[in-house]
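In case you want the letters, here they are:
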Amino acid sequence: MSVLSRRAAAMLVMAVCTVYFLTPLWWLFVGSTKPGGRGVGLWFDHFQLGTNLHAVLTYQDGIFLRWLVNSIGYTVGAAAIGTLLAAMCGYALAKYRFPGRETLFNIVLGGVLVPATALALPLFLLFSKAHAANTYWAVFLPSLVNPFGVYLARIYAASSVPDELLEAARIDGSGEVRSFFTVSVRLMAPALVTIFLFHFVAVWNNFLLPLIMLGNQKLFPVTLGLYTWNSQVDQRPELRGLVLVGACLSLAPMLIAFLSLQRFWRSGLGAGSLK
Amino acid sequence: MRRTLAILLLSTLSITACSSNSSSGDSSTGAAAAGCAPANGPVTLSFTSWVPDIQKVVDIWNQANPNIQVKVQTGPNGNGGTYQNFFNQLKAGNAPDLGQIEYDALPSFRVQDGLMDLGTCSDVTAAKDKFVDWTWSQVSFGEQGHVYAVPQDAGPMALFYRKDLFEKNNIKVPTTWQEYADAAVKVKAAGGYITNFSTGDPNQFAGFAWQAGAHWFTNDGTNWTVSLTDPATSKVAAYWQDLIDKKLVSAVPPWTDEWNNAYNTDKDWTWVSAVWGANTISSGAPKTSGKWAVAPMPQWTAGDQAAGDWGGSSTAVFKGSKHPYEAAKFALWLNTSTEALTALNKAASLYPAAKAGATLPALTEGVPFYGNQKIYDVFSAASAQVKPDFTWGPTMTQTYADAGDGFKAAASGTGTLLKALTDAQASTIQTLKSQSIPVKG
Amino acid sequence: MSGSRSGSRHLGAVGFFITPFVALFALFYLVPIGYAVVQSLYQVKRTGTFGPAHDVFGGLVQYRRVFSDSPFWHSVERVLLFGIVQVPVMLGVALILALLLDSGLVRGKRFFRLAFFLPYAVPGVVAAIMWGYLYSPNLSPFTALTAHVHLLGADLVLWSIANVVTWVYVGYNMLIIYAALLAIPTEIYEAARIDGAGYFRIAWSIKIPMVMPAIVLTTVFSIIGTLQLLAEPQVFRSFSTAVSSTYTPNLTVYATSSVPNFHLAAAFSVVLALATFVLSFSFLKFTQRRGVQ
């Protein structure tokens, strides 16, 4: 097989997959340009994206914008700090031997085994006891915890941070924590970006936690807001269109996050510095 | 490691202690509030409701009552998560003062000891006659001198039908269920379905059973009795099973664009639904504007005048509220004053449970979508025909889920409605037993 | 794996690295789990039809109810069947796409990475509305298919859900594997190419073995995710008549806690967690024994 036909075959596979992944999203976009969000068919019809956007952003005195801002407030901070915490923990699990290491690892796995639905009430009781239910912290603090991130960080740290490099840094007199921030983080960059993105999406899309914690509409993140609108569609049919347009809009921060982090995915970072 | 475990154990125990305290500790706050006496000084109440734009209605109250300010909290509808939140909040001791609870959910809140008895608030008991009878028995559980919530809106049922299609095909508007079944055959011959049997709405079916005189749950104070297959319900189940078997009804999932499409494209010709269904049809099937009309629900015996109800909420005061007097005052205003009822109807098309609601200007006009018929007159008459002694069970979410699952199987041909109800009955009894609620059978 | 001398000397640093995460994890996961487990050992007692309830220690009574609940065990069978098919298919596709991205054969990597990841970013409520349309017999753009093949009927709805889950998570898993591929030092490939190895040989003998930890991890995550399937079936309930309220085990937990019957819901979730643990643990042990890790 020549390189050209190999390339063509590869691109064909990618193209087919692109159609599969993007068609529903295209439908969503087209639907949000139609009047009333009444989307049938995959092409435009009575294009009125501007009107629809205006409707979403001004409904109920602009509560949707408030929700977007809230989501950004919950998500950016929680994802950034959460990724850092998970990365540090995964890194320690990968690079250091200490008593209770595997036990800790297994307990973290154990935590993820219990369905979140069963933890809703206890979490709510916990925050109620601290008189912090229905506040920003009730959503922000639990969102910091990312057990999957710890797992990912562990395998990426093990494979992308060579022990020799750490030894070299030690010999140079650098402390462990300093080595982490100056050496390891750079080597783990693609992994950290991946973990951050997953954490970002998970917090952004999480509406179970805000649902049980929040009653004040002004604190809602976008997904809970859309879910609430969607549940009122029977009484307020115009909300169906707003939900679609709002959903489309709420994908925008994801796009921005992704595009701005593109440059951190680079291959072959690990080897060069060793020489 | 051992120290961490100890800390964990302590925290777990403290939360457990906290929750069990709140269930028995309510008696102290309850006793203080049982008097239903006015407070000295300004009061702030919290009120959770999912009625769209409820804030606008509450603003009217807040303007006029600077000493009793009401803060609105909202979220998805009750079964979409807010009921579960209420239960969690009751357990944690931080439930709001007031909450919206649908009639069929009230018993489960009563069973969790979450509702304050407003029987000691003379204003509330005096308001009994302002409400249509059956709504009052819904909120008082038939107990004299006790009332656990203030009725807000109602969903009396009637027959929405395509006047133009019936006339065009010379089909008489059915007044009895037998006529309805006969009409179904003619509609099928003309290429449509008389209606859609909604497997996702066991509470619509409950409305049918209610009209037929069923009593699904009875409570004699010592024991509950569950009877989802009593003669009246069996009759209704057999009737609809027949229509399903003969393929005279469609089985499209409700509340979807598919369903809207079925009505919009003349596939389905009638809908036996509640008053709020008027809005559902007009928004889901805009192409059929002007072609509909409303008639009373078909009857089992010619000349009868009975109706069922589908839906409706109340405003309850939760146990543990520190200001029951003010909360009751607000709840009464919200559900009996003309300005509040008008605003609620405007904001969310609510059909009031209060008798005065029938004379609201918005509810006495002709509605263009329905050929300028004064459709609310039909519903007002229907509301007076709803039997006042239909009781809901204390674990309706389970019952609805079980019945709904069984109905779905029936619609796809792998079961019957009667079997669904039989299974749901057994499962409900199990659920009650697992909660130590005394039940016969 | 780590240096032999990095034992007790670095305990201070280790403490610094793990304490913040562990403290939050203990507070927001372990304490609630402990509470749920304790609650599963209790039952409710009350007097009269509307009498107030008291929590009373019940021992294993809730667990007896769990084991005699046949819809629950049917739902367990259902998700196991789901998992046996859906997980290998999804991860197989994810692996192939990651390898293609890393192979140098593909132009426009950035675009494809974004395109394949986007489905993961779509919230459940929105995915429901979308797929409800796409599967609809009347309103789908693909009515040629959906009008004849009953994708929302009892026979096929499980696989329609599987398709949605696959659609959402292929990109996610692909990125995990891709990030692991990026960490492989490139000299290894040069050595292999000098030896005359082609694309497939490099992929099969070098890349796949070197990202095996990532593949094992995604499999374990997928097993856990499958057993905890909740969001997708929940949204399908609103437009398919074939999805019952106990379609998956986690739906049963959710339905039970809405009644509310928290003690029983807690018992269901403990049993579900144990089943998940047994399956993931067995899988991990299996891969370890095969020398894969």
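Anything mentioned here points back to the structure above.
Below, the structure is looked at part by part. Because the structure is predicted, anything quoted here is derived from the model rather than measured.

What about the overall build of chain A?
Then, in step 1: For chain A, the count of helices and strands is 15 helices and 0 strands.
Then, in step 2: Principal axes of the C-alpha set define a box for chain A whose edges measure 70 × 65 × 30 Å.
Then, in step 3: Pairs at least 24 apart in sequence give 71% of the contacts found in chain A among residues at least 6 apart.
Then, in step 4: Of the roughly 10,600 Å² that chain A leaves accessible, carbon and sulfur atoms contribute 68%.
Then, in step 5: Measuring between centres, the 19 positive side-chain charges of chain A sit 3 Å from its 10 negative side-chain charges.

Structural notes on the pattern of salt bridges
Then, in step 1: Enumeration according to the criterion identifies 17 salt bridges over all chains in this entry.
Then, in step 2: Among the salt bridges present, the one from Arg170 of chain A reaches Glu167 of chain A, with a minimum N-O distance of 2.6 Å. Of this pair, Arg170 of chain A and Glu167 of chain A are both found in helix 8 (residues 163-171), 3 residues apart, which corresponds to roughly one turn of the helix.
Then, in step 3: Taking the relative accessible area as the measure of exposure, Arg170 of chain A reaches 17% and is therefore buried.
Then, in step 4: The closest approach of N and O atoms between Asp423 of chain B and Lys419 of chain B, which form a salt bridge, is 2.9 Å. Of this pair, Asp423 of chain B and Lys419 of chain B are both found in helix 17 (residues 417-434), 4 residues apart, which corresponds to roughly one turn of the helix.
Then, in step 5: Assessed through its relative accessible area of 41%, Asp423 of chain B is described here as partly exposed.
Then, in step 6: Through salt bridges with shared partners, a single network forms among Arg236 and Glu238 of chain A together with Asp53 and Lys56 of chain B.

Some details on the environment of Gly225 of chain C
Residues and elements named next belong to chain C.
Then, in step 1: Counting through the fold element by element, Gly225 comes out in helix 10 (residues 212-227).
Then, in step 2: Given a relative accessible area of 34%, Gly225 falls into the partly exposed group.
Then, in step 3: Distance in space between the C-alpha atoms of Gly225 and Leu251 is 13 Å, their sequence separation being 26 residues.

So, the sheet that holds strand 5 (residues 157-162) of chain B
Residue and element names in this part refer to chain B.
Then, in step 1: The 3 strands are arranged 8-5-9 in an open sheet whose pairing can be described as antiparallel. A strand with exactly one partner marks an edge of an open sheet, and here the two such strands are strand 8 (270-274) and strand 9 (292-296). Pairwise comparison of adjacent strand axes, ignoring direction, gives a mean angle of 30° for this sheet.
Then, in step 2: Where strand 5 meets strand 8, 5 bridges bridge the pair, whose relative direction is antiparallel. Counterpart to Met157 in the pairing with strand 8 is Ala274.
Then, in step 3: Across the sheet, helix 12 (residues 277-284) is in contact with strand 5, strand 8 and strand 9; its angle to strand 8 comes to roughly 135°.

Details of the packing of aromatic side chains
Then, in step 1: Per the stated rule, a full pass over the model turns up 104 aromatic pairs over all chains.
Then, in step 2: A ring pair is formed by Trp177 of chain B and Phe208 of chain B, whose centres lie 5.7 Å apart and whose planes are at 80°; its orientation type is edge-to-face. Here the residue Trp177 of chain B occupies a position in helix 8 (residues 177-189), and Phe208 of chain B occupies one in helix 9 (residues 202-212), the gap between them amounting to 31 residues. Summarising the burial analysis for this pair, Trp177 of chain B and Phe208 of chain B share the class buried.
Then, in step 3: Measuring from centroid to centroid gives 4.9 Å for Trp276 of chain B and Trp310 of chain B, while their planes differ by 65°, and the two rings are edge-to-face. Here Trp276 of chain B, found in the loop between strand 8 and helix 12, pairs with Trp310 of chain B, found in the loop between strand 9 and strand 10 (313-317); they are 34 residues apart in sequence, far enough to count as distant.
Then, in step 4: Grouped by ring-pair contacts, the aromatic residues Phe160, Trp255, Trp259, Tyr263, Trp271, Trp276, Trp292, Trp310, Phe369, Tyr370 and Phe379 of chain B constitute a single cluster.
Then, in step 5: The ring centre of Tyr247 of chain C lies 4.3 Å from the NZ or CZ of Arg78 of chain C, which sits over that ring.

Examining the interface of chain B and chain C
Then, in step 1: With 43 residues of chain B in contact, the opposing surface of chain C contributes 37 residues.
Then, in step 2: Buried area between chain B and chain C, summed over both chains or domains, comes out near 3,500 Å², and the portion from carbon and sulfur atoms is 54%.
Then, in step 3: Linking chain B with chain C are 0 salt bridges, by the criterion used here.
Then, in step 4: Here chain B and chain C share 9 residue pairs in polar contact (both at pLDDT 80 or more) between them.
Then, in step 5: Listed by contribution, the elements that provide at least two residues to the side of chain B that touches chain C are helix 1 (2-33), helix 3 (82-92), helix 4 (106-111), helix 11 (257-264), helix 16 (396-411) and helix 17 of chain B.

Criteria and cut-off values
- Residues numbered from 1 in each chain as written.
- Chains lettered and ligands numbered in written order.
- Predicted model: local features only at pLDDT ≥ 70, side-chain atom pairs only at ≥ 80, totals over all residues.
- Heavy atoms only, no water.
- Helix = DSSP H or I, 4+ residues; strand = E, 2+ residues; numbered from the N terminus.
- Contact = heavy atoms within 4.5 Å.
- Areas by Shrake-Rupley, 256 points an atom, 1.4 Å probe, with all protein chains shown as cover.
- Lys, Arg positive; Asp, Glu negative; His and termini not counted.
- Charge placed at Lys NZ, Arg CZ, Asp CG, Glu CD.
- Salt bridge = Lys/Arg side-chain N within 4 Å of Asp/Glu carboxyl O.
- Buried < 20%, exposed > 50% of the residue type's maximum accessible area, 1.4 Å probe, protein only.
- Pairing = 2+ DSSP bridges.
- Axes fitted to C-alpha atoms, helices over the stretch in contact; angles between N-to-C directions.
- Phe/Tyr/Trp six-rings, centres within 6.5 Å; stacked < 30°, edge-to-face > 60°.
- Lys NZ or Arg CZ within 6 Å of the ring centre and 35° of its normal.
- Buried area = accessible area lost by both parts, 1.4 Å probe.
- Polar contact = N/O pair within 3.5 Å; in protein donor to acceptor, adjacent residues only side chain to side chain.

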